[in-house]
Amino acid sequence: MKTSVRITLIGAVAGALMVLSPYSTPSAHALAPPGTEIHLNSSSVQVVHNTPANTDVLNMSLNVENDGDGLGSCDSEADDLLETGVHVSVSKLSCAAYSLACQCIFNNATNSIICLPAICTTQTGVCGGICPAFDFDAQVNYVEHQIGEQSYGTSFAPNAAGAVASKIVALDTPLFTCGTWSINLQATGQNLSGITASPVSLFLNDSDNDGAGGPDGITGAACFDVTAIVGNGIVKPHHGVRKARRH
């Protein structure tokens, strides 16, 4: 018997990028501590497990702010997520557990992962030992569009056995920041079998690798423990073509 898979999704993205259902869950860390460049103002995250393997789906809707290096210094757009992209990673481990597995120390004051004697850069995955592989990992670069005074970007790229589609919209920029954005992302063809419960950790980084604050190029991503909806896709049996009855 053949089956067809119907997936319930979250959030909303304009156009044909993705269609997401209306769940909304707050981030466990609504605001990052002072000193962190990237702030996660809110998040909705959903993990959908499907059959067969490598067909899982990750959906997220984020509101993100980047303070840059302070007083509006944005490193020549390196801290502008619309212009130069965002690195997004998800782990089944908490931020603290991930740092411990990497032989690092998680700094609660700055939401950053550090190790001795060097600073841990989570994108390279090396800190003393080898860091656990992320359950999801993608560099998302956008093609910018302009409609009137509204700036937004779209992205579609292969990832794992599927693809990542994303849309970013520039929101009002608070004083002395590099911007605030709404980001909707859907990743298909993933292996998310390791994620079985909430919360998960969400890593966000900008193009100069200092999302956690501190020196450019070496500080690494900001990490946030966030609530996630984790469940199975809905499998709807397909009964085939019904034969006409003979009279």
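*Asks:* Mind laying out the nonpolar core, listing which residues take part and the relevant values?
*Replies:* The biggest cluster of nonpolar side chains holds 32 residues, and the ones touching the most others in it are L58, M60, F136, I183, L202 and L204. Sequence-distant contacts of M60, defined by excluding residues within four places in its chain, comprise S44, V45, V88, V90, I183, N184, L185 and L202. Counting eight residues, the second-largest nonpolar core is a separate cluster that includes C95, Y98, C131 and C223.

*Asks:* Could you give an account of the packing of aromatic side chains, with specific residues and numbers?
*Replies:* Going through the model one piece at a time under the given rule, you end up with three aromatic pairs. Ring-pair connections join several aromatic residues into one group, and the members of that group are Y98, F134 and F203.

*Asks:* Which residues make up the pairing of strand β9 (residues 136-140), and what values go with them?
*Replies:* A regular strand places its side chains on the two faces of the sheet in alternate fashion. Of the two faces of β9, the one lined by F136, A138 and V140 is fully buried and the one lined by D137 and Q139 carries no buried residue. Where strand β4 (residues 86-91) meets β9, five bridges bridge the pair, whose relative direction is antiparallel. Bridge pairing links S89 to D137 in β9.

*Asks:* Outline the sheet that holds β9, supporting the account with residue identities and numerical values.
*Replies:* Where strands meet in a sheet, backbone hydrogen bonds hold them as pairs that are either parallel or antiparallel. Strand order in the open sheet made by the four strands is β9-β4-β14-β15, with antiparallel pairing throughout. At either end of the open sheet lies a strand with only one pairing partner, and these are β9 and β15 (222-226). On average, adjacent strands in this sheet sit at an angle of 15° to one another, irrespective of strand direction. Bridge count between β4 and strand β14 (residues 200-205): five bridges; the pairing is antiparallel. When the bridges of β14 are listed, S89 appears paired with F203.

*Asks:* Which residues make up the confidence of the model for the chain, and what values do they have?
*Replies:* Averaged over all residues, the pLDDT of the chain equals 78, while 67% of them reach at least 70. Averaged over each element, pLDDT in the chain is lowest for strand β1 (residues 3-6) (31) and highest for strand β12 (residues 162-170) (98). Across residues 1-33, confidence stays below pLDDT 50; counting only partners more than four residues off in sequence or on other chains, it has 100 contacts. Considering only residues more than four positions removed or in separate chains, one finds that residues 121-126, a stretch of pLDDT under 50, has 15 contacts.

Analysis parameters
Residues numbered from 1 in each chain as written. Predicted model: local features only at pLDDT ≥ 70, side-chain atom pairs only at ≥ 80, totals over all residues. Heavy atoms only, no water. Core = buried A, V, L, I, M, F, W, Y, C linked by side-chain atoms within 4.5 Å. Buried < 20%, exposed > 50% of the residue type's maximum accessible area, 1.4 Å probe, protein only. Contact = heavy atoms within 4.5 Å. Phe/Tyr/Trp six-rings, centres within 6.5 Å; stacked < 30°, edge-to-face > 60°. Helix = DSSP H or I, 4+ residues; strand = E, 2+ residues; numbered from the N terminus. Pairing = 2+ DSSP bridges. Axes fitted to C-alpha atoms, helices over the stretch in contact; angles between N-to-C directions. pLDDT = per-residue confidence, 0-100.

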